[in-house]
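Observations on chain architecture
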Amino acid sequence: MPVYLDHAATTPISAPALAALTSVITRSGNPSSLHGSGRRARATVEAARETIAAAAGAHPTEVIFTSGGTEADNLAVKGLFWSRRAADPVRNRILVSSVEHAAVADTVEWLEKHEGAEALWLPVDAAGVLDVAALDKELADGGASSVALLSCMWANNEVGTVQPIAQIVALAAKYGIPVHSDAVQAFGSIPVNFKDSGLAAMSISGHKIGGPVGVGALLLGRAVKLTPVQHGGGQERSVRSGTLDTAGVAAFAAAAQDVTANLAAEGVRIAGLRDAIIAAVHEAVPEAVLRGADPAVDPRARLPGNAHFTFPGCEGDSLLFLLDMAGVESSTGSACTAGVPRPSHVLLAMGLDEDTARGAQRFSLGHTSSQADVDAFVAALPDAHARAKQAGMAGHKSSIETASTRAAG
């Protein structure tokens, strides 16, 4: 079995979630139907709604089930923009952090192109933390009246930096601006409480916490008006129409209950493994640079399962493939189109140049991670790094062959 260090992308389904999924998936019944099977499915959905609400610090009526984090982000950003602009046409601006996941960033760009929105990309510091002073100045300078919403992720999916959500929400609240947060990486990793946060909307996802792929939720304040993205049967407060995946919802709830019940202890355990990886990388490759907030300075400023580095003179994709060949699965955290490596927008926003950003590698841990995984990674890293560095950066012919490069040749 390979050593899996890409839990930030998806984590294996947990035992409670698998048990719930297999128990419910064999039953018939549409939760919108009125007969016995339908009522049983509805009872399962509503029990799951209450469980997820308790896990996320929300009221059950605030839980809107979706197909995952991407849909929840689209629903929040588009829905809030349309609703706020309809109430006041002056509100055509969206304030958004410059390190958002594509599910938010691409949605904002779509609204710019097709709906006349104007985006203001808020700067971050070298650790990826949103510049609260810049936000304060923007709002204080008189531009608040034209803002439809603000969106800032709770924790970054690439470098693991936790954002000062309480400060951001407090600033926006002074001007009556609703705030959405993509909490897909944060929920199940660190304490997250929707009610206490003051957020208008918050996105979470099942497969990041040990639930199945294909189910998530948007937590939406009961007084928040949101224009639907899709229309149909009027399910989920008429905000998100569509027949619910009863089994998936039940498994999502089981995973949420399990992960939040063990959050403190697992956070300490996983952070210990992360710190071991950080120490091992620094020892094996002294020139490697940890990106994101330094957990040695403030343990709460970084997700417990995230270790992200840049390796100078080393193409991230080359290192990924070589580690993969050695049985260790990691991630670059950046997109690659038509075989041309592209640097992460997150790292560029943090002030890195393109060559440095292209040397990125993310190692992320989760509930199945163990010390044995760390040991195997430590054993594989020196040779993989040496070979990746010898191969050099793209633009020079690489000596590494993969299935795709051989096919292209």
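Above this text sits the structure in question.
An account of the accompanying structure is given in this report. Because the structure is predicted, anything quoted here is derived from the model rather than measured. (Residues numbered from 1 in each chain as written. Predicted model: local features only at pLDDT ≥ 70, side-chain atom pairs only at ≥ 80, totals over all residues. Heavy atoms only, no water.)

**Brief notes about the overall build of the protein**
Put simply, the rule is: Strands here are runs of E lasting at least two residues and helices are runs of H or I lasting at least four, both read from the DSSP assignment and numbered beginning at the N terminus. The globule rule is 2.2 Å times the number of residues to the power 0.38, and the radius of gyration it is compared with is taken over C-alpha atoms. Summary of the burial criterion: residues with accessible area below 20% of their type's maximum are buried, those above 50% are exposed, and those between are partly exposed, where the area comes from a 1.4 Å probe applied to protein chains only. Whether two residues touch is decided by their heavy atoms; if any such pair falls within 4.5 Å, the residues are in contact. Method for areas: the Shrake-Rupley scheme with a 1.4 Å probe, in which residue coverage is limited to the protein chains shown. Just so you know, the count uses Lys and Arg for positive and Asp and Glu for negative, and it drops His and the chain ends. Here the site of a charge means NZ on Lys, CZ on Arg, CG on Asp, or CD on Glu.
Looking only at helices and strands, one finds 14 helices and 14 strands in the protein. Taken over the C-alpha trace, the protein has a radius of gyration of 22 Å; the compact-globule value for 409 residues is 22 Å, and the two agree within 12%. Oriented by its inertia axes, the alpha-carbon framework of the protein measures out at about 60 × 55 × 45 Å. The buried share of the protein, reckoned over its 409 residues, is 55%. Sequence-distant contacts in the protein: of pairs separated by 6 or more residues, those separated by 24 or more amount to 73%. Working note: accessible area of the protein is about 17,000 Å², and carbon and sulfur atoms make up 55% of it. If you average the places of the 31 positive and of the 41 negative side-chain charges in the protein, the two averages end up 7 Å apart.

**Overview of the packing of helix α10 (residues 316–325) against helix α13 (residues 371–391)**
How two helices sit against one another is set out by the angle between their axes and by the gap between those axes. Basically, it comes down to this: Orientation is described by lines fitted to C-alpha atoms, with helices fitted over the stretch in contact, and by angles between N-to-C directions that extend from 0 to 180 degrees. Just so you know how the angles are binned, under 35 degrees is roughly parallel, over 145 roughly antiparallel, 65 to 115 roughly perpendicular, and the rest oblique. Each crossing gets its handedness from the near helix: less than a right angle anticlockwise from the far helix is left-handed, clockwise is right-handed.
α13 packs onto α10 with a crossing angle of 140° between their chain directions and a minimal axis gap of 9 Å. With respect to α13, the element α10 is oriented oblique. For the pair α10 and α13, the crossing hand works out as right-handed. Facing α10, whose interface residues are S318, L319, L322, L323 and M325, α13 presents A380, L381, A384, H385, R387 and A388.

**Thoughts on the pairing of strand β5 (residues 147–151)**
Which entries qualify depends on this criterion: Here a strand pair is declared whenever DSSP counts at least two bridges between the two strands. Handedness of a crossover is defined as follows: orient the strands so they point away from the viewer, and if the path from the first strand over the helix to the second runs clockwise, the crossover is right-handed.
Most of β5 is tucked away, with five of its five residues classed as buried. Here strand β3 (residues 93–97) runs beside β5; their pairing, made up of four bridges, is parallel. The residue bridging I94 from the neighbouring strand is L149, located in β5. Bridge count for β5 against strand β6 (residues 179–182) is two bridges, and the pairing is parallel. Bridging from a neighbouring strand, L150 pairs with V179 of β6. Note that the unit made of β5, helix α6 (residues 165–173) and β6 has a crossover that is right-handed.

**Quick word on the side chain of S98**
Inclusion rule: Any pair of N or O atoms that falls within 3.5 Å is considered a polar contact. Within protein, one atom must be able to donate a hydrogen and the other to accept it, and sequence-neighbouring residues count only if both atoms are side-chain atoms.
Inspection of the secondary structure assignment puts S98 in the loop between β3 and α4 (102–115). In terms of polar contacts, S98 uses its side chain to reach the backbone carbonyl oxygen of L122, at 2.9 Å. Residue contacts for S98: discarding those within four places in its chain leaves W121, L122, P123, V124, H345 and A349.

**Here's the deal with the packing of aromatic side chains**
Operational definition: Any two rings among Phe, Tyr and Trp, with Trp reduced to its six-membered ring, count as a pair given centres within 6.5 Å; such a pair is stacked if its planes are under 30 degrees apart, edge-to-face if over 60, and tilted if neither.
Counted according to the given criterion, the structure contains two aromatic pairs. Between F309 and F311, the ring centres sit 6.1 Å apart and the planes meet at 45°, which makes this aromatic pair tilted. Across the pair, exposure class does not vary: F309 and F311 are buried alike. Geometrically, the ring pair formed by F363 and F377 is tilted, given 4.6 Å between the ring centres and 50° between the ring planes.

**Side note on helix α1 (residues 15–25)**
Note the cut-off: Each C-beta atom gives one direction from the helix axis, and the arc is the one those directions make.
Among all positions in α1, only A17, A20, L21 and V24 are buried. Down the axis of α1, the smallest arc covering the buried residues is 100°, so these residues share one side. Along its buried surface, α1 packs onto α2 (36–56) and α8 (246–261).

**A few points about the pairing of strand β7 (residues 201–205)**
Within β7, five of the five residues are buried, which leaves it mostly tucked inside the rest of the structure. A two-sided burial pattern is seen for β7, the buried positions comprising A201, S203 and S205 on one face and M202 and I204 on the other. With three bridges connecting them, β6 and β7 associate as parallel partners. The residue of β7 that forms the bridge with H180 is A201. Relative to strand β8 (residues 216–220), β7 runs antiparallel, the two sharing five bridges. In the sheet register, M202 faces β8, and the bridge partner there is L219.

**Details of the environment of A86**
Note that A86 resides in helix α3 (residues 69–87). Sequence separation between A86 and V328 is 242 residues, and the spatial gap between their C-alpha atoms is 50 Å.

**Thoughts on the sheet that holds strand β14 (residues 360–364)**
A sheet is described by the order of its strands in space; here three strands give the open sequence β9-β10-β14, paired in antiparallel fashion. Lying at the two open borders of the sheet, with one neighbouring strand each, are β9 (289–290) and β14.

**Considerations on the nonpolar core**
Put simply, the test is: Nonpolar cores were defined as sets of buried Ala, Val, Leu, Ile, Met, Phe, Trp, Tyr and Cys residues, with membership established by side-chain atoms within 4.5 Å.
Among the nonpolar cores identified, the biggest contains 56 residues, and F65, L135, L150, W154 and M202 are the most heavily contacted of them. Setting aside its immediate chain neighbours within four residues, F65 contacts V45, A48, R49, I52, G216, A217, E236, R240, L244, V249 and F252. By size, the runner-up hydrophobic cluster in this structure holds 26 residues, among which are I270, I278, F309 and L365.

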